[in-house]
Amino acid sequence: MKEIILWTIAALFSAGFLAVNYSNLQLLRGKYARPDGTNPSPVLFVGAILGVIACLVAPSETVREYWWGALVLDLGTGPYLVLAIVMFTLAAVDASKKNAVPAAAPAREVLPGERAVIGCILGTAVGDALGLACEGLSRSRQSRMFPGLAGYKLLPFGKGLCSDDTEHTCMLAQSLIETARYPDIDEQAKKFASDFGWRLRFWLLGMPAGIGFATLRAILKLWIGFPARLSGVYSAGNGPAMRVALIGVCYGSDTPRMRALVRSATRITHTDPKAEQGALAVALAAHLAAAGNDILPLDYARRLRELIGADDSELLRLVDELAQSAGRNEQAADYAARIGCANGVTGYMLHSIPAALHVWLAHQGDYRGGVTAAVRLGGDTDTVAAIVGAIIGARVGKNGIPQEWLRDLWEWPRTQAWMESVGSKLADRSAHRTRGYAVPLNWLKLLLRNTFFIPLVLAHGLRRLLPPY
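Residues numbered from 1 in each chain as written. Predicted model: local features only at pLDDT ≥ 70, side-chain atom pairs only at ≥ 80, totals over all residues. Heavy atoms only, no water.

**Q** Sorry if this is basic, but what is going on with the overall build of the protein chain here?
**A** In terms of regular secondary structure, the protein chain is built from 22 helices and zero strands. The C-alpha atoms of the protein chain give a radius of gyration of 23 Å, which matches the 23 Å a tight globule of 469 residues would have. By its C-alpha atoms, the protein chain is 70 × 55 × 50 Å across when sized along the principal axes. In the protein chain, buried positions account for 54% of the 469 residues. Across the protein chain, contacts joining residues at least 24 apart in sequence account for 74% of those joining residues at least 6 apart. Carbon and sulfur atoms provide 60% of the accessible area of the protein chain, an area that totals close to 20400 Å². Counting 48 positive and 39 negative side-chain charges, the protein chain places the centres of these two groups 4 Å from one another. (Helix = DSSP H or I, 4+ residues; strand = E, 2+ residues; numbered from the N terminus. Rg over C-alpha atoms; globule rule 2.2 N^0.38 Å. Buried < 20%, exposed > 50% of the residue type's maximum accessible area, 1.4 Å probe, protein only. Contact = heavy atoms within 4.5 Å. Areas by Shrake-Rupley, 256 points an atom, 1.4 Å probe, with all protein chains shown as cover. Lys, Arg positive; Asp, Glu negative; His and termini not counted. Charge placed at Lys NZ, Arg CZ, Asp CG, Glu CD.)

Next comes the structure, spelled out in structure tokens:
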């Protein structure tokens, strides 16, 4: 009986898919032309959404596997999808040619600081992409929808894309490159906030598919004229924590500078003290990880207490507890359940950061194990996995990240090669305090990329309304 109902629902959505495409076909043939010779606009994306739902609700594994076929066949979606894929492919080929090393040229030595910075950026991207398809799912439902996490789940054939976690990390890296030359700490922090504020403004114009409410309000304040020091809103969301690991990698040995830059990177969008403390916790973890040695959980808790210097901090109490938990090898899922995240980690700083730190302390040199464990916690999986990936990536470098995950990351125009060039330049500028300019990025290509990304995210959102529950 259940199968009959599901096939009936699938048939109804399939009928909608056919009706929309019949209408678009008639438009192409000029059947609905107005007296002045113009044609109405075609129906965009609706047919694809109906077709995707029809495939996903059908009680057949074979039909579900080809849900993406509706995106390609729909007349109101397919041409845009094909154009985006062609652009992605051409860009990837072009990037590979530009970044190919001539056979006769000796391989350039990657310095330890550069290795950590590149590993941090790529680690963020891969963790973000791996967790993106699972975002918002409870731990139990995620395990039923995705029993295996050997690769990405967002695109067909195991390909992955990144979200705002990676975008903010890359923008922060660009701002650090632009402001590394300032020797005075307060001047660099001020210039950094101004530069990063403008990047946030134009990032919003690129129509990002995912954006936190606090970050959105802060960017709108920036656009109406608020300076970066006054644009933040009172929120303890995890937005600042997802982007600041690079500050710890680059400036962790200069504590006052790291603290000032983390404060600027946080308060531009979030002013709740818990947000800044959580961001400092991530920056410190990334700094310690980049040193290349394991750290005892209780030692990390002590170092963070010295950095924050607030005896009554709720975050510090949680870090003390998670350090004890990790020290006795308690599973991250069990610890997360004890802090109120049994069904998934939320975007609240006092949930996301303790969960991410617990996973990191248990998998300090194991990128695959750490990121997979972070995703399996459920909830805000892309951000938690991005934070864990950034910290462990700073430790293991590019070579410590599973090569198949790097290969299957279909990001454009922020390609892997582009991210590596940003990392190399940032490592050099932050070490030598020299003048530098951000690595170029085509904003029109970003807009095209997001035009493709938004319907994909909507399709996955609709998918979550359907079985298995």
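**Q** How should I be thinking about helix H9 (residues 185-205) in this particular structure?
**A** Every α-helical turn comprises 3.6 residues, leaving residues that sit three or four positions apart pointing alike. Counted at 1.5 Å a residue, the expected span for H9 with its 21 residues is 30 Å, and the 31 Å between its end C-alpha atoms agrees. For H9, the secondary structure elements touched by its buried residues are helix H8 (164-179), helix H10 (213-223), helix H11 (245-251), helix H12 (255-267) and helix H22 (443-463). Following H9 by one or two positions, Met207 has its phi on the positive side, about 60°. (Expected span 1.5 Å × (residues − 1).)

**Q** Even after reading the chapter, I still don't get a nonpolar patch on the surface, so can you show me in this structure?
**A** Taken together, the side chains of Trp198, Phe202, Leu205, Trp223, Ile224, Phe226, Leu230 and Trp443 make up a nonpolar region of the molecular surface, amounting to roughly 830 Å² of accessible area. Top element by residues in the nonpolar patch is H9. It accounts for three residues. Tracing the chain through its elements places Trp223 in helix H10. The exposure class of Trp223 is partly exposed, given its relative accessible area of 35%. (Patch = residues over 30% accessible without salt bridge, like charges linked within 9 Å, V, L, I, M, F, W, Y side chains within 5 Å. Salt bridge = Lys/Arg side-chain N within 4 Å of Asp/Glu carboxyl O.)

**Q** Whenever I open this one, unusual backbone geometry confuses me. Can you help?
**A** Excluding glycine, residues mostly carry a negative phi; peptide bonds, for their part, are mostly trans. For the bond from Trp412 to Pro413, the omega torsion is 5°, close enough to zero to count as cis. Mapped onto the secondary structure, Pro413 falls in the loop between helix H20 (403-407) and helix H21 (416-432). We note that Phe157 has phi near 65°; this positive angle belongs to a residue other than glycine. By the secondary structure assignment, Phe157 is in the loop between helix H7 (139-145) and H8.

**Q** Before we go on, may I ask you to explain the packing of aromatic side chains in this structure?
**A** Ring pairs (aromatic) are described by centroid distance and by the angle formed between their planes. As enumerated under the stated definition, the model contains six aromatic pairs in all. Centre to centre, the rings of Phe202 and Trp223 are 5.6 Å apart; their planes meet at 75°, and the pair counts as edge-to-face. With Phe202 in helix H9 and Trp223 in helix H10, this pair connects stretches of sequence that are 21 residues apart. For Phe202, a relative accessible area of 39% puts it in the partly exposed group. Members of the aromatic cluster, joined through ring pairs, are Trp198, Phe202 and Trp223. Stacked on the ring of Trp198, the Lys or Arg Arg201 has its end atom at 3.9 Å from the ring centre. One cation-aromatic arrangement involves Arg449 over Phe453; the distance from NZ or CZ to the ring centre is 4.4 Å. (Phe/Tyr/Trp six-rings, centres within 6.5 Å; stacked < 30°, edge-to-face > 60°. Lys NZ or Arg CZ within 6 Å of the ring centre and 35° of its normal.)

**Q** Please clarify how the nonpolar core should be interpreted in this entry.
**A** A general tendency of soluble globular proteins is for nonpolar side chains to be buried together. Core analysis: the biggest nonpolar cluster contains 137 residues, and Ile247, Tyr300, Leu304, Ile353, Leu357 and Trp360 have the highest contact counts within it. Apart from the residues lying within four places of it in its own chain, the contact partners of Leu357 are Ala281, Ala285, Tyr300, Val319 and Leu322. (Core = buried A, V, L, I, M, F, W, Y, C linked by side-chain atoms within 4.5 Å.)

**Q** Any chance you could explain the pattern of salt bridges here in plain terms?
**A** Opposite charge on two side chains permits pairing when their charged atoms draw close. Applying the stated rule across the entire model yields 20 salt bridges. Between Arg263 and Glu276 there is a salt bridge whose closest N-O contact spans 3.3 Å. In this pair, Arg263 is assigned in helix H12 and Glu276 in helix H13 (residues 273-290), connecting sequence segments 13 residues apart. On the accessibility criterion, Arg263 (28% relative accessible area) is partly exposed. Classification of Glu276 as buried rests on a relative accessible area of 11%. With its nearest N and O atoms 3.3 Å apart, the salt bridge here joins Arg407 to Asp408.

**Q** Could you clarify how one ought to interpret the confidence of the model for the protein chain in this entry?
**A** For residues with low pLDDT, the predicted coordinates do not support detailed interpretation. Residues of the protein chain with pLDDT of at least 70 account for 92%, and the chain-wide mean is 89. Low pLDDT, under 50, characterises residues 98-106; the predicted model gives this stretch one contact beyond four residues in sequence or across chains. (pLDDT = per-residue confidence, 0-100.)

**Q** Explanation requested: the side chain of Glu167 in the structure shown.
**A** Mapped onto the fold, Glu167 is located in helix H8. What makes Glu167 buried here is its relative accessible area of 6%.

**Q** Just checking my understanding: could you explain the packing of helix H18 (residues 367-376) against helix H19 (residues 381-396) for this structure?
**A** Packed helices, taken two at a time, are described by their axes: the angle between them and the distance between them. Here H18 crosses H19 at 165°, and the two axes come no closer than 8 Å. Judged by the inter-axis angle, H18 sits roughly antiparallel to H19. In this structure, H18 meets H19 at a crossing whose hand is right-handed. Residue-level inspection shows Tyr367, Gly370, Val371, Ala374 and Val375 of H18 in contact with H19, the latter providing Thr381, Val384, Ala385, Val388, Gly389, Ile392, Gly393 and Val396. A per-class count over the contact of H18 with H19 returns nine nonpolar, four polar and no charged. (Axes fitted to C-alpha atoms, helices over the stretch in contact; angles between N-to-C directions. Parallel < 35°, antiparallel > 145°, perpendicular 65-115°, else oblique. Left-handed = near helix turned anticlockwise from the far one by under 90°. Nonpolar A, V, L, I, M, F, W, Y, C, P; charged D, E, K, R; others polar.)

**Q** I would appreciate a short explanation of H22 in the present structure.
**A** Between its terminal C-alpha atoms H22 stretches 30 Å, which fits the 30 Å expected from 21 residues at 1.5 Å a residue. Taken together, the buried positions of H22 are occupied by Leu446, Arg449, Asn450, Phe452, Phe453, Pro455, Leu456, Ala459, His460 and Arg463. Where H22 begins, the side chain of Asn442 points an oxygen toward the backbone nitrogen of Leu444, at a separation of 2.8 Å. (Polar contact = N/O pair within 3.5 Å; in protein donor to acceptor, adjacent residues only side chain to side chain.)

**Q** I tried to follow the packing of H8 against H21 on my own but got confused; where do I start?
**A** Viewed as axis vectors pointing N to C, H8 and H21 meet at an angle of 35°, and their least axial separation amounts to 9 Å. Considering only the axes of H8 and H21, their crossing is left-handed. Between H8 and H21, the residues in contact are Thr166, Cys170, Ala173, Gln174, Leu176 and Ile177 and Trp418, Met419, Val422, Lys425, Leu426 and Arg429, respectively. Its residues assigned to classes, the contact of H8 with H21 shows eight nonpolar, two polar and two charged.

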